[in-house]
Amino acid sequence: MKESASTTRKTGRPRTFDADTALEKAMKVFWEKGYEGSSLPELTEAMGMNRPSLYAVFGNKENLFRLALERYSASHDPLFNAAMEQPTARAVVEHFLRGNANAQTETDNPQGCLVINGALACSDDARPVQASLIEHRALSEARLKQRLEQAREEGDLPADCCPGQMARYVMTVSNGMAVQSAAGATRQQLQEVVDQVLRGWPA
């Protein structure tokens, strides 16, 4: 979104803003506070625009969140994609979890993961948003399962292992790391969790 839009101060003086920058700021509010926890006053203040302008440019709050999620995914999906390209199943999991540990503890971004933070608590009105986030996580788990199935077929994993269970386990660890990060866990602590996962990886 490269176009600019304009809004008006209470004094009536026009002010221009960049919609792309505004969306970036909205994404960080949602990332930190989740969908339900992000109020419209907080969003408009962070974005530098009033409520009518927000609706005019981005639609309602739900649509703004979906756009913010797309922006978040565009910057974080490459990590997952790179992990899927690693030569062994163990390397796939290590790349994915260590990358998440680093991404979830960046000092210039909110802690944790927007996909997790966004739907930890939702009212009935926010169920469609929660369902979208659940689907987003399910698609990642399905891709990981497929990659682990490939590893088993190639003899990289024991024949008696269950790719579905292993994928669910890894994603559960990843999701738990995001929650721990949002609660204050350090990068080193999360990396130690990854160390423990790798110690138990099937030979």
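Residues numbered from 1 in each chain as written. Predicted model: local features only at pLDDT ≥ 70, side-chain atom pairs only at ≥ 80, totals over all residues. Heavy atoms only, no water.

## Examining the confidence of the model for the protein
Right, on to step 1. Mean pLDDT for the protein: 88, with 89% of residues reaching 70 or above.
Right, on to step 2. A low-confidence stretch, residues 1-15 (pLDDT under 50), is modelled with 31 contacts involving residues beyond four sequence positions or located in other chains. (pLDDT = per-residue confidence, 0-100. Contact = heavy atoms within 4.5 Å.)

## Regarding the layout of surface pockets
Right, on to step 1. Approximately 460 Å³ is the volume attributed to the largest pocket.
Right, on to step 2. Lining the largest pocket are 25 residues, with Asp77, Phe96, Val115, His136 and Ser140 positioned closest to its centre.
Right, on to step 3. Those elements that place two or more of their residues in the lining of the largest pocket are helix 4 (61-84), helix 5 (89-103), helix 6 (114-117), helix 7 (127-153) and helix 8 (163-182).
Right, on to step 4. Per-element accounting of the lining of the largest pocket gives the leading share, 7 residues, to helix 4.
Right, on to step 5. For the lining of the largest pocket, the residue count by class is 12 nonpolar, 10 polar and 3 charged. (1 Å grid on protein atoms, 1.4 Å probe; cavity = no way out; pocket = protein on both sides within 12 Å on 5 of 7 lines; lining within 4 Å. Points joined across faces, edges and corners; volume = space filled by probe spheres on them. Helix = DSSP H or I, 4+ residues; strand = E, 2+ residues; numbered from the N terminus. Nonpolar A, V, L, I, M, F, W, Y, C, P; charged D, E, K, R; others polar.)

## Things to note about the pattern of salt bridges
Right, on to step 1. This structure, assessed with the given rule, holds 8 salt bridges.
Right, on to step 2. Linking Glu42 and Lys33 is a salt bridge whose minimum nitrogen-to-oxygen distance equals 3.5 Å.
Right, on to step 3. By relative accessible area, which is 30% here, Glu42 ends up partly exposed.
Right, on to step 4. In this structure Lys33 comes out as partly exposed when scored by relative accessible area, which is 39%.
Right, on to step 5. Salt bridges linked by common partners bring Arg90, Glu94, Arg98 and Asp195 together as one network. (Salt bridge = Lys/Arg side-chain N within 4 Å of Asp/Glu carboxyl O. Buried < 20%, exposed > 50% of the residue type's maximum accessible area, 1.4 Å probe, protein only.)

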